[in-house]
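Spelled out from the first residue to the last, the chains are:
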Amino acid sequence: MSVPSTRQSDGLPTRLTQTLLSPRCRLAALLVLLCAAGISMLVYEPQQYVTEGMPAHLSGGLAGVLFTVAYGLCTAAFVPRPVLNVAAGALFGTQAGTVAAVVGTVIGSGLAFGLGRVLGQDALRPLLRARWLTAADRQLSRHGFRSMLFIRLLPGVPFAASNYGAAVSRMGWTAFLTATAVGVVPNTAAYVVAGSHATAPTSPVFLAAFGFIALSGLGGAVLAWRKRALLRGGAPAEPRTAVRETRDTARAERVSRL
């Protein structure tokens, strides 16, 4: 009589563990975590440092390190990067602010990518049934670095959404982080420069940075409009071509046999 009870006691923790580690439970944990992070950012209001500056007891390298880490956490919690980039320029100047913003961007994107990959990929990949979602997933999985670099260079693409969207694909870590580090530099530097010269909005440097932001946004919108066919199903032409070539080859073989 003791053997069945032992098996039942051993089976319950196993089933409980399997349930907690199931794709749906991990996705629910990701959603709860993101909601908690977003609420905490609304309560804490990190944008206050744009106008008030860093606390008096923080200065030098320690302030830069703390800001970089906070930058990464804020981006993973859906805080807009332009606000953080302007804050980096206002607090640390052009050079140090750009370094802190770019490194913080890589930290935040890596954190979001890891959370999405571990907690959300298994549950969300079966939902990629829409044609444009399938095309986007195929593009990210096959051409990870090139696709992510293109996304990072487009200033209008939501940063957090692109991070978690890339995590659902089969893109590798190296391609994702490398493309992020390279692609965010131009637009990030422009915002940092604007933030470092925010006290002189009529200065040539500020106007040049603002002009670059405006032109890059316009150019990104035009380029995205021209590439829209890729997400509307333009990519599936490759399988059709392969099927057509296979049929032609089989037909040629039948003719040769005759």
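Fair warning: this is a prediction, and the values are worked out from it, not measured in the lab. (Residues numbered from 1 in each chain as written. Predicted model: local features only at pLDDT ≥ 70, side-chain atom pairs only at ≥ 80, totals over all residues. Heavy atoms only, no water.)

Regarding the overall build of the chain
Within the chain, the regular secondary structure consists of 13 helices and zero strands. The N-to-C order of helical and strand elements in the chain reads α-α-α-α-α-α-α-α-α-α-α-α-α. Split into buried and exposed, the 258 residues of the chain put 34% on the buried side. Across the chain, the fraction of contacts at a sequence separation of at least 24, relative to all contacts at a separation of at least 6, is 78%. Counting every atom, the chain has about 15,500 Å² of accessible surface; 68% of that belongs to carbon and sulfur. (Helix = DSSP H or I, 4+ residues; strand = E, 2+ residues; numbered from the N terminus. Buried < 20%, exposed > 50% of the residue type's maximum accessible area, 1.4 Å probe, protein only. Contact = heavy atoms within 4.5 Å. Areas by Shrake-Rupley, 256 points an atom, 1.4 Å probe, with all protein chains shown as cover.)

Some points on helix α8 (residues 144-153)
For α8, every residue scored as buried is listed here: Gly144, Ser147, Met148 and Arg152. Angular distribution of buried residues about the axis of α8 spans 135 degrees; they occupy a single face of the element. (Arc of directions from axis to C-beta.)

Re the environment of tyrosine 164
Mapped onto the elements, tyrosine 164 comes out in helix α9 (residues 159-168). Expressed as a C-alpha distance, the spacing of tyrosine 164 and leucine 111, which sit 53 residues apart in the sequence, is 9.8 Å.

Focus on the packing of aromatic side chains
One pass over the full model with this rule turns up five aromatic pairs. Aromatic side chains phenylalanine 113 and phenylalanine 176 sit 4.3 Å apart centroid to centroid with 20 degrees between the ring planes, which places their arrangement in the stacked category. Of this pair, phenylalanine 113 sits in helix α6 (residues 94-124) while phenylalanine 176 sits in helix α10 (residues 173-183); the two residues are 63 residues apart in sequence, bridging distant segments of the chain. Take phenylalanine 113: its relative accessible area is 0%, and that puts it in the buried class. Three or more aromatic residues joined by ring pairs form one cluster here, namely Phe67, Tyr71 and Phe92. Note that arginine 81 overlies the ring of phenylalanine 159, its terminal NZ or CZ placed 4.9 Å from the centroid. (Phe/Tyr/Trp six-rings, centres within 6.5 Å; stacked < 30°, edge-to-face > 60°. Lys NZ or Arg CZ within 6 Å of the ring centre and 35° of its normal.)

Remarks on the confidence of the model for the chain
Across the chain, pLDDT averages 74, with 62% of residues at or above 70. In this model, residues 233-243 is a region of pLDDT below 50 whose contacts with residues beyond four sequence positions or in other chains number nine contacts. (pLDDT = per-residue confidence, 0-100.)

Some points on the nonpolar core
Residues Phe67, Tyr71, Cys74, Val79, Leu84, Ala87, Ala88, Ala100, Ala101 and Val192 constitute the largest nonpolar core, which totals 10 residues. Put simply, the parts of the chain that give this core at least two residues each are α4 (60-76), α5 (81-92) and α6. If sequence neighbours within four positions are ignored, leucine 84 has contacts with Phe67, Tyr71, Cys74, Thr75 and Val79. (Core = buried A, V, L, I, M, F, W, Y, C linked by side-chain atoms within 4.5 Å.)

Digging into a nonpolar patch on the surface
Where nonpolar side chains cluster on the molecular surface, the patch consists of Val65, Val69, Leu73 and Leu111 and spans about 330 Å² of accessible area. The element best represented in the nonpolar patch is α4, accounting for three residues. Mapped onto the fold, leucine 73 is located in helix α4. (Patch = residues over 30% accessible without salt bridge, like charges linked within 9 Å, V, L, I, M, F, W, Y side chains within 5 Å. Salt bridge = Lys/Arg side-chain N within 4 Å of Asp/Glu carboxyl O.)

Concerning α5
With 12 residues, α5 ought to run about 16 Å at 1.5 Å a step, and its terminal C-alpha atoms sit 16 Å apart, in line with that. Taken as a whole, α5 has its buried residues at Arg81, Leu84, Asn85, Ala87, Ala88 and Gly89. Backbone geometry just after α5 places glycine 93 at a positive phi near 85 degrees. (Expected span 1.5 Å × (residues − 1).)

Details of the packing of α8 against α10
Where α8 contacts α10, the axes come no closer than 8 Å and their chain directions differ by 30 degrees. Like other packed secondary-structure pairs, α8 and α10 cross with a definite hand, here right-handed. On α10, the residues touching Gly144, Phe145, Met148, Leu149, Arg152 and Leu153 of α8 are Ala175, Phe176, Thr178, Ala179, Thr180, Val182 and Gly183. (Axes fitted to C-alpha atoms, helices over the stretch in contact; angles between N-to-C directions. Left-handed = near helix turned anticlockwise from the far one by under 90°.)

Structural notes on the packing of α8 against α9
The geometry of α8 relative to α9 is characterised by a closest axis approach of 11 Å and an angle of 170 degrees between their N-to-C directions. Between α8 and α9, the angle is such that the two are roughly antiparallel. Listed contacts from α9 to Met148, Ile151 and Arg152 of α8 are Phe159, Ser162, Asn163 and Ala166. Residue composition of the contact of α8 with α9, grouped by class: four nonpolar, two polar and one charged. (Parallel < 35°, antiparallel > 145°, perpendicular 65-115°, else oblique. Nonpolar A, V, L, I, M, F, W, Y, C, P; charged D, E, K, R; others polar.)

Thoughts on the side chain of arginine 152
Tracing the sequence through the fold places arginine 152 in helix α8. Among the polar contacts listed, one links the side chain of arginine 152 to the side chain of asparagine 163, at a separation of 2.5 Å. (Polar contact = N/O pair within 3.5 Å; in protein donor to acceptor, adjacent residues only side chain to side chain.)

A look at the environment of alanine 100
Relative to the helices and strands, alanine 100 is located in helix α6. Along the sequence, alanine 100 and valine 69 sit 31 residues apart, while their C-alpha atoms lie 8.8 Å from each other. Discounting residues that sit within four places of it in the chain, alanine 100 has contacts with Phe67 and Thr68.

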